[in-house]
Amino acid sequence: MPELPEAETIARQLRDEVLGKTIVRVRAFEARCVRTHGSTREFEQACRGSLITEIRRRGKQIVLTLDASRSLVVRLGMSGRLLVGNPRDARPQHAHIVFSLSSGLELRYIDPRTFGHLSVRSGTELSRLPGFEKLGPEPLSDDLDERELRRRLSRTRSILAVALMNQRIVAGIGKIYSDEICFHARLNPLMPAHSVSLLQARRLLAAMRRVLESAIEHRGTTAADGSYVDLYGRPGGYQKFLAAYQRAGEPCLRCSTSIARVALSNGRGIHFCPKCQRFP
DNA sequence: AGTTGGACCTGACTGC
DNA sequence: TGCAGTCAGGTCCAAC
């Protein structure tokens, strides 16, 4: 499932493939994937003929600037993929939106579960786009230091794992990297977020940067379900380095204790080492 | 207002 | 073998 490193990987590849190209044709086949628009037709018209002038990432979202005046926001949800392909290929299954580009290539949005969606918004200032206003700081930017992280965590009653996945507290972290960051920071993901000390916030921030930067270097994580692939359809490489996520019952890489899985009230699992991430 | 939990959705997997 | 049931989780929204 695409989190910050996966979105960053795709954004970087999009800069190579589609930046400076014009969208000559758009076909949207699934209204759910453009649900912020009145119709698939309206979405197609909003994109058609536009020059892609800039490509950015904010949190888990990818933003393509159109004609230096509008923003095409891509939210991949759980199973969304962006893939470049040859127009001679048959349309892949679940390819709900197909952009034909002036380069001759196609950019396809594929999403079996249709949790993700695309939308065109007016304006290019990210902080003013709908859904972006309340997004927390980027963990890899200077906007976030240990004091700011601690301050943000101190204002919630949630447990640490839930707070890290709260996009209003920090942008871009989901289940995989929440588990990994807590492991590397040696913090128990079930501890109350508001009790994180300044020293612990420092460890958390260091782990955040190390994990996310390394995951970007390896082009993201393709977990067992194989749902994430990059723009060229290749799986990521960071799954080889996972220390906690989906390793329940396997030995901790530090102390060999069996990795635990605790289900949150919504049934979702949190993975951690009960020994080296002991409750404080 | 902050937090929780169900709904959305389908492919992959499990068990009978 | 086949089919029903379960799991996966990002985000929205309703209800505490």
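Cut-off values and rules
- Each chain has its residues counted from 1, running along the sequence as written.
- Each chain is given a letter, starting from A, and each ligand a number, starting from 1, according to the order in which they appear as written.
- With pLDDT at 70 or above as the cut-off, local features in this predicted model cover only qualifying residues; side-chain atom pairs require 80 or more to be listed or tallied, and sums for whole chains, interfaces and linings still use all residues.
- Remark: hydrogens and water are excluded; side-chain values derive from all non-hydrogen atoms of the structure.
- For each domain, the first and last residues come from an automatic or database assignment.
- Here the quantity called buried area is the total loss of accessible area, with a 1.4 Å probe, experienced by two parts when brought into contact, counted for both.
- Distance and chemistry together define a polar contact, namely a pair of N or O atoms within 3.5 Å, with one atom able to donate a hydrogen and the other to accept it when in protein, and with adjacent residues in sequence counting only for side-chain atoms on both sides.
- Secondary structure elements are defined from DSSP: runs of H or I of at least 4 residues count as helices, runs of E of at least 2 residues count as strands, and each element is numbered from the N terminus.
- Consider each residue's heavy atoms; a residue with any of them within 4 Å of a molecule or strand counts as near.
- Side-chain classes are defined by residue name, with Ala, Val, Leu, Ile, Met, Phe, Trp, Tyr, Cys and Pro counting as nonpolar, Asp, Glu, Lys and Arg as charged, and the others, Gly among them, as polar.

*Asks:* Any chance you could break down the domain arrangement of chain A for me, citing the residues and the numbers?
*Replies:* Under the domain assignment used here, chain A contains domain 1 (4-128) and domain 2 (146-272). When each unit is reduced to the centre of its C-alpha atoms, the spacing between domain 1 and domain 2 is 28 Å. With both sides pooled, the region where domain 1 packs onto domain 2 buries about 1,700 Å², and carbon together with sulfur makes up 63% of that total. Of all residues in domain 1, the largest losses of buried area upon contact with domain 2 belong to Pro5, Glu6 and Gln13, amounting jointly to 32% of the total for that side. Joining domain 1 to domain 2, the criterion identifies nine residue pairs in polar contact (both at pLDDT 80 or more). Going through the elements one at a time, α1 (4-17) and β5 (81-85) are the ones with two or more residues in the side of domain 1 that touches domain 2. In terms of residue count, the dominant contributor to the side of domain 1 that touches domain 2 is α1 (eleven residues).

*Asks:* Quick one: what's the story with the protein's contact with DNA strand C, residue by residue and with numbers?
*Replies:* Surveying the vicinity of DNA strand C reveals the residues Met1, Lys60, Arg75, Met78, Arg113, Phe115, Gln167, Lys175, Tyr245, Arg261, Gly267 and Arg268. Each atom of DNA strand C within 4 Å of the protein was assigned to sugar, phosphate or base; sugar and phosphate come to 55%. Arg113 is positioned with one of its side-chain polar atoms (N or O) 2.6 Å from a base nitrogen of DNA strand C. Here a base oxygen of DNA strand C and a side-chain polar atom of Arg268 are 2.8 Å apart. Considered class by class, the residues forming the surface near DNA strand C number four nonpolar, two polar and six charged.

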